[in-house]
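Listed below are the residues making up each chain.
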Amino acid sequence: MQNKSIKYLKIAFIFITLLYGIIAVYYFLNKPAGGGDEGLFISDLELIHNEGWIEAIKQNISIPYMLLVYPLSFFVKNFIALRIINILLLLLLLFYFYKMGKKKYWLFYCYILFYVSTIGFFFAGINDILFVVALIVFFNGYIGFPTIRVSTLI
């Protein structure tokens, strides 16, 4: 009886988390542009469009992040381009977890969805997401590879 209850509780958690995630995505993506550091990156994109890359680099912009966002900024508004890139980075991170994970649990992705939906960090147009995703991939690759013992090299 207890296993059946836990199974129903997991299913309920998955559906509630999915609903919560949809509501959070709708809320965070409809927030006005320019809140917090997002305004800085919007002005950096405008600087690149108006003055060019060299002048923007002199102003200490985030070069890797702007290289990702810049092409998309020709098709959509700057703040939307920033947010789309962050969502794509989140999706790439989830895909990375799926491909690199030996066991693929639904609850793991529900926990991530709950975390992402609660903080809204991944839906803001800031470059911190690129840094976080790169750190996760780096440390997972560094720690995940087996170590080579010196005795096997001799």
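Residues numbered from 1 in each chain as written. Predicted model: local features only at pLDDT ≥ 70, side-chain atom pairs only at ≥ 80, totals over all residues. Heavy atoms only, no water.

Colleague: For this particular structure, what's the right way to read the nonpolar core?
Modeller: When a protein is soluble and globular, its nonpolar side chains tend to lie buried together. With 25 residues, the main nonpolar core has Tyr 65, Met 66, Val 69 and Leu 82 as its most contacted residues. Of all the secondary-structure elements, those providing two or more residues to this core are α1 (2-29), α2 (38-51), α4 (63-69), α5 (78-100), α6 (106-119) and α7 (128-144). In terms of residue count, α5 provides more of this core than any other element does, six residues in total. For Leu 82, the contacting residues outside a window of four places in its chain are Glu 38, Phe 41, Ile 42, Leu 45, Tyr 65, Met 66, Val 69 and Gly 125. (Core = buried A, V, L, I, M, F, W, Y, C linked by side-chain atoms within 4.5 Å. Buried < 20%, exposed > 50% of the residue type's maximum accessible area, 1.4 Å probe, protein only. Helix = DSSP H or I, 4+ residues; strand = E, 2+ residues; numbered from the N terminus. Contact = heavy atoms within 4.5 Å.)

Colleague: When you look at unusual backbone geometry in this model, what are you seeing that I'm missing?
Modeller: For residues that are not glycine, phi is negative in most cases, and the peptide bond is trans in most cases. Of note, Asn 60 is a non-glycine position whose phi angle comes to about 65°, a positive value. Relative to the helices and strands, Asn 60 resides in the loop between α3 (53-58) and α4.

Colleague: Would you mind going over the confidence of the model for the protein chain with me for this structure?
Modeller: Keep in mind that low pLDDT regions are not for reading the predicted coordinates in detail. When pLDDT is averaged across the protein chain, the result is 82; 90% of the residues are at 70 or more. Long-range and interchain partners of residues 147-154, a stretch whose pLDDT sits below 50, account for one contact in this model, where long-range means more than four residues apart. (pLDDT = per-residue confidence, 0-100.)

Colleague: Help me understand the environment of Gly 39 in this model?
Modeller: As for its position among the elements, Gly 39 is in helix α2. Take Gly 39: its relative accessible area is 26%, and that puts it in the partly exposed class. C-alpha of Gly 39 to C-alpha of Ile 126: the two residues are 87 residues apart in sequence and 8.9 Å apart in space.

Colleague: Whenever I open this one, the layout of surface pockets confuses me. Can you help?
Modeller: The gaps left among the atoms become clear once a water-sized probe is rolled over them. Approximately 180 Å³ is the volume found for the largest pocket. In this structure, the largest pocket is lined by Val 25, Ile 87, Leu 90, Leu 91, Leu 94, Tyr 109, Ile 112, Leu 113, Val 116 and Phe 123. For the lining of the largest pocket, the secondary structure elements donating two or more residues are α5 and α6. Taken together, the residues of the lining of the largest pocket sort by class into ten nonpolar, no polar and no charged. (1 Å grid on protein atoms, 1.4 Å probe; cavity = no way out; pocket = protein on both sides within 12 Å on 5 of 7 lines; lining within 4 Å. Points joined across faces, edges and corners; volume = space filled by probe spheres on them. Nonpolar A, V, L, I, M, F, W, Y, C, P; charged D, E, K, R; others polar.)

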